[in-house]
Amino acid sequence: MRCHTCDTEIPTGRSDCPTCYTPAGQPAVLPDVRTYSVRGLGLAAGGAVAVALLADAALLLLWPLAGARLIRSTQSSVDGDPIEALAVESRLDAVEGLLSLVQLGTRLAAIALVIVWFYRARANLDAFAGSVPELRTGWAIGGWFVPFANLVIPFRVMADIARASLFRNSTPRLVWVWWLPFLVYYWGGQAVYRYDLWQYDELPLLLTAKDFATWVEYYEQALVRNLPILAAGVLAAVVFILLVVRVSRAQHARMARGTQTGPVMPGMAMPATWPAPQE
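These numbers were taken from a predicted model, which means no experiment stands behind them. Residue positions are given per chain, counting from 1 as you read along its sequence in written order. For this predicted model, a pLDDT threshold of at least 70 governs which residues receive local features, and a threshold of 80 or more governs which side-chain atom pairs are given and counted, while totals over whole chains, interfaces and linings are taken from all residues. Neither water nor hydrogens contribute to the side-chain values; these are computed over all heavy atoms in the structure.

Q: Explain the packing of aromatic side chains to me, please; I cannot follow it from the model alone.
A: The geometry of an aromatic ring pair comes down to the distance between the two centres and the angle between the two planes. Aromatic pairing here means that ring centres of Phe, Tyr or Trp (its six-membered ring) are within 6.5 Å. Orientation follows from the plane angle: under 30 degrees is stacked, over 60 is edge-to-face, and everything else is tilted. On inspection of all chains with the given rule, the structure shows 20 aromatic pairs. A ring pair is formed by tryptophan 144 and tryptophan 179, whose centres lie 6.2 Å apart and whose planes are at 70 degrees; its orientation type is edge-to-face. Linking tryptophan 144 in the loop between α3 (139-142) and α4 (153-166) with tryptophan 179 in helix α5 (residues 173-201), this pair joins segments that are 35 residues apart in sequence. On the accessibility criterion, tryptophan 144 (18% relative accessible area) is buried. Measuring from centroid to centroid gives 6.5 Å for tryptophan 215 and tyrosine 219, while their planes differ by 45 degrees, and the two rings are tilted. You can see tryptophan 215 and its partner tyrosine 219 sitting in helix α6 (residues 209-255), four residues apart, about one turn around the helix. Like tyrosine 219, tryptophan 215 is buried. We count a stretch as a helix when DSSP gives it H or I for four or more residues in a row; a strand needs E for two or more, and each element gets its number in order from the N terminus. Categorising residues by exposure relies on relative accessible area from a 1.4 Å probe, with only protein chains included: less than 20% of the type maximum marks a residue as buried, more than 50% marks it as exposed, and the intermediate range marks it as partly exposed.

Next up, the structure:
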C-alpha cells in the first residue's frame, strides 16, 4: 500500500507511513474538515515582520546616531540659552515620538498577520490524518496574550505546526532558533527600553558643554545597548519567515493531493476530490 500523503510505500505490517506518519489507508486531507489557505497570508506576515524590523532598526540604531549628531550640531546655537535648550529637547522628543508611532503601527500590523497565520496553520492540522497536536487551535491566538504562559505557548503551537506539516516526529531545530532569539529580542528590548527611559529622565538641561557631552554619551551608550537586541530580532525574523514559507508550502502541497484511493475506514468510500482551502 502506498501512502496517500507522500506516496511512500508502507511496509507490510506497519500501521502508518514511515515518512509522514499518515495512518495506512487514510487520505492526505480528511473530508468535511475545513482547511485554510496560508501561503499568501504567510508571505504577507513575513513581509510585515520585515517592515516592523526595519522600523525597529530606525528607532534602535539610526535614532541614537541622529540624536548624537543633532546634539553636537546645536551646541553652538544654544550657548547657555535655556529657551533654545528646551526647543532642542522638544525637537528631539518630537522626532523620537514620530519614530515610535511608526514602530507601533508596523508592530501591530505584523502581530495581527502573524496571529492569523498561526491560527490558520494550526487549524489545518485538524484536517491532516495522523496529526496529533498537543494544544488546541484556540491557543494559536490566546497563547500570545496569557501573561507568563506566552513565554512557552506560541513556541509549542509552532512546534505542533512544524512537526505535522514537515513530517517530523520531534520539534525541528528551526523552531528553537526562532523562539529563543525572539524572547531575547522582545523581553530584552523591554528591559533596555525601561532603562533608557530612566536614563533619559536623569539627563540635564542643555546649557553647558558638560551637559551636551552627557547627552551625546547617553545616545552612544543607548546604541551599544540596542545592538544585541536588534541582532536577536534580525535572527528571529529571518528564521520565522523561513519557517512560515516552509510550513505554508508543505501544507498547500498536502492539500493539493486532490484524489485519494482507498477508504478511511472499512466500508467508508472516499470522495474523488477534496475541498479547496478557504480564504
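Next comes the rest of the write-up.
Q: Explain α5 here, please?
A: Three or four residues apart is the spacing at which side chains of an α-helix point the same way, because the helix has 3.6 residues per turn. Take the number of residues in a helix, subtract one, and multiply by 1.5 Å to get its expected span. For α5, with 29 residues, the first-to-last C-alpha span of 42 Å sits near the 42 Å given by 1.5 Å per residue. Residues of α5 that are buried: Val175, Trp178, Trp179, Pro181, Tyr185, Gly189, Val192, Asp196, Gln199 and Tyr200.

Q: How should I be thinking about the state of the cysteines in this particular structure?
A: Joining two cysteines, a disulfide is a covalent bond between their sulfur atoms. The disulfide criterion is simple: two cysteine sulfur atoms within 2.5 Å. If you walk through the whole model with that rule in mind, you get zero disulfides. Counting only cysteine sulfurs, cysteine 20 is the nearest neighbor of cysteine 3, a cysteine outside any disulfide, at a range of 3.4 Å. Residue cysteine 3 is classed as buried on the basis of its relative accessible area, which comes to 3%.

Q: Explanation requested: the packing of α4 against α6 in the structure shown.
A: Describing two packed helices takes the angle between their axes plus the distance from one axis to the other. The interhelical angle for the contact between α4 and α6, taken along N-to-C directions, is 45 degrees, at an axis separation of 9 Å. Accordingly, the angle class assigned to the pair α4 and α6 is oblique. Both α4 and α6 take part in a crossing whose hand is left-handed. Contacts from Met158, Ile161, Ala162, Ala164, Ser165 and Leu166 in α4 reach Phe240, Leu243, Arg246, Val247, Ala250, Gln251 and Arg254 in α6. Of the residues that constitute the contact of α4 with α6, the class distribution is nine nonpolar, two polar and two charged. Note on geometry: axes are C-alpha line fits, over the in-contact stretch for helices, and angles between N-to-C directions span 0 to 180 degrees. Our angle categories are set so that under 35 degrees counts as roughly parallel, over 145 as roughly antiparallel, 65 to 115 as roughly perpendicular, and the remainder as oblique. Helix crossings get a hand from a simple test, with the near helix turned counterclockwise from the far one by less than a right angle marking a left-handed crossing and a clockwise turn marking a right-handed one. Here, two residues are considered to be in contact whenever any of their heavy atoms come within 4.5 Å of each other. We call Asp, Glu, Lys and Arg charged. Ala, Val, Leu, Ile, Met, Phe, Trp, Tyr, Cys and Pro are nonpolar, and the rest, Gly among them, are polar.

Q: What should I look at first to understand the environment of aspartate 93 in this one?
A: Inspection of the secondary structure assignment puts aspartate 93 in helix α2 (residues 82-125). Overall, aspartate 93 belongs to the partly exposed group, its relative accessible area being 38%. In sequence terms aspartate 93 and glycine 67 are 26 residues apart; their C-alpha atoms lie 9.9 Å from each other.

Q: So what exactly am I meant to see when it comes to the environment of leucine 61 here?
A: Assignment of secondary structure puts leucine 61 in helix α1 (residues 39-78). When the C-alpha atoms of leucine 61 and leucine 227 are compared, they prove to be 7.4 Å apart, with 166 residues separating the residues in sequence. Residues contacting leucine 61, with those up to four places away along its chain left out, are Asp56, Leu223, Leu227 and Leu230.

Q: Explain the pattern of salt bridges to me, please; I cannot follow it from the model alone.
A: Side-chain pairs of opposite charge can arise whenever the charged atoms involved come near each other. When a carboxyl oxygen of Asp or Glu lies within 4 Å of a side-chain nitrogen of Lys or Arg, that pair is called a salt bridge. Tallying each qualifying case throughout the model produces nine salt bridges. Two residues, aspartate 196 and arginine 225, come together in a salt bridge whose shortest N-O distance is 2.5 Å. Of this pair, aspartate 196 sits in helix α5 while arginine 225 sits in helix α6, and the two are 29 residues apart along the sequence. Taken together, the salt bridges that share partners define one network made up of Glu134, Arg156, Asp160 and Arg163.

Q: Just checking my understanding: could you explain α6 for this structure?
A: The end-to-end C-alpha separation of α6 is 67 Å, in line with the 69 Å expected for 47 residues at 1.5 Å each. Where α6 bends most, the angle comes to about 30 degrees, and this point is asparagine 226, followed within four residues by the proline proline 228. Here the bend at each residue means the angle between axes fitted to two seven-residue stretches, the one ending at that residue and the one beginning there.

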